[in-house]
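What follows is the residue order along each chain.
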Amino acid sequence: MTIFKKIIDREIPADIVYEDEECLAFRDINPQAPVHLLVIPKKEISAVDALSPEDKTLVGHIFLVIQQLAKEFSLEDGFRVVTNNGLLAGQTVPHLHFHLLGGRPLLWPPG
Ligand code: DGP
């Protein structure tokens, strides 16, 4: 079981900013920007490469939640959505998650 499943199940605390039947959003424990949220499905999916066609609606829903959170956290000047997949990308938690980053200029290309 991953740490994110434990957050979903309220076994460990997190600063939860949004929840519905399908997903959860909370503040990253190691923020890289003034706003750094993680948006995750409640369904246990390890990464982008484990998605299946049945997850289409879920992923679309998560992006609409991200859009809503970006408005709520006043990120209208710009924000970034990042998902790391696998070792080389630096994925450390094997539960699909989307980083929502904003509140400062974000450089490109990323590291
Ligand atoms: P990634 O490198 O893409 O797998 O990002 C995982 C992120 O999860 C990383 O930015 C730190 C965050 N994180 C890890 N453990 C916890 C935790 O227990 N609570 C919270 N809020 N965030 C966590």
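Just above sits the structure.
Here we summarise the structure given alongside this text. (Residues numbered from 1 in each chain as written. Predicted model: local features only at pLDDT ≥ 70, side-chain atom pairs only at ≥ 80, totals over all residues. Heavy atoms only, no water.)

Side note on the overall build of the protein
Link 1 in the chain: A count of helical and extended segments in the protein gives 2 helices and 5 strands.
Link 2 in the chain: C-alpha extents for the protein along the principal axes are approximately 35 × 30 × 25 Å.
Link 3 in the chain: Within the protein, the proportion of its 111 residues that are buried is 38%.
Link 4 in the chain: A separation of at least 24 residues holds for 54% of the contacts in the protein among residues at least 6 apart in sequence.
Link 5 in the chain: As displayed, the protein has an accessible area near 6800 Å², and 57% of this comes from carbon and sulfur atoms.
Link 6 in the chain: Positive and negative charge centroids in the protein, built from 10 and 15 side chains respectively, lie 3 Å apart. (Helix = DSSP H or I, 4+ residues; strand = E, 2+ residues; numbered from the N terminus. Buried < 20%, exposed > 50% of the residue type's maximum accessible area, 1.4 Å probe, protein only. Contact = heavy atoms within 4.5 Å. Areas by Shrake-Rupley, 256 points an atom, 1.4 Å probe, with all protein chains shown as cover. Lys, Arg positive; Asp, Glu negative; His and termini not counted. Charge placed at Lys NZ, Arg CZ, Asp CG, Glu CD.)

Quick look at the nonpolar core
Link 1 in the chain: Core analysis: the biggest nonpolar cluster contains 18 residues, and Val39, Ile62 and Leu69 have the highest contact counts within it.
Link 2 in the chain: Those elements giving two or more residues to this core turn out to be β2 (23–27), β3 (35–41), α2 (56–72) and β5 (98–102).
Link 3 in the chain: Among the elements that take part in this core, α2 stands out by supplying 6 residues, more than any other.
Link 4 in the chain: Once you skip the residues sitting within four places of it in the chain, valine 39 turns out to touch Leu24, Ala25, Ile62, Val65, Ile66, Leu69, Leu96, His97 and Phe98. (Core = buried A, V, L, I, M, F, W, Y, C linked by side-chain atoms within 4.5 Å.)

Brief notes about unusual backbone geometry
Link 1 in the chain: In this chain, tryptophan 108 is followed by proline 109 through a cis amide linkage whose omega measures 0°.
Link 2 in the chain: Here proline 109 is to be found in the segment after β5.
Link 3 in the chain: In this structure, serine 74 is a non-glycine residue whose phi angle is positive, near 60°.
Link 4 in the chain: For serine 74, the location among the structural elements is in the loop between α2 and β4 (79–82).

Remember that the coordinates give geometry; whether it matters functionally is a separate question.
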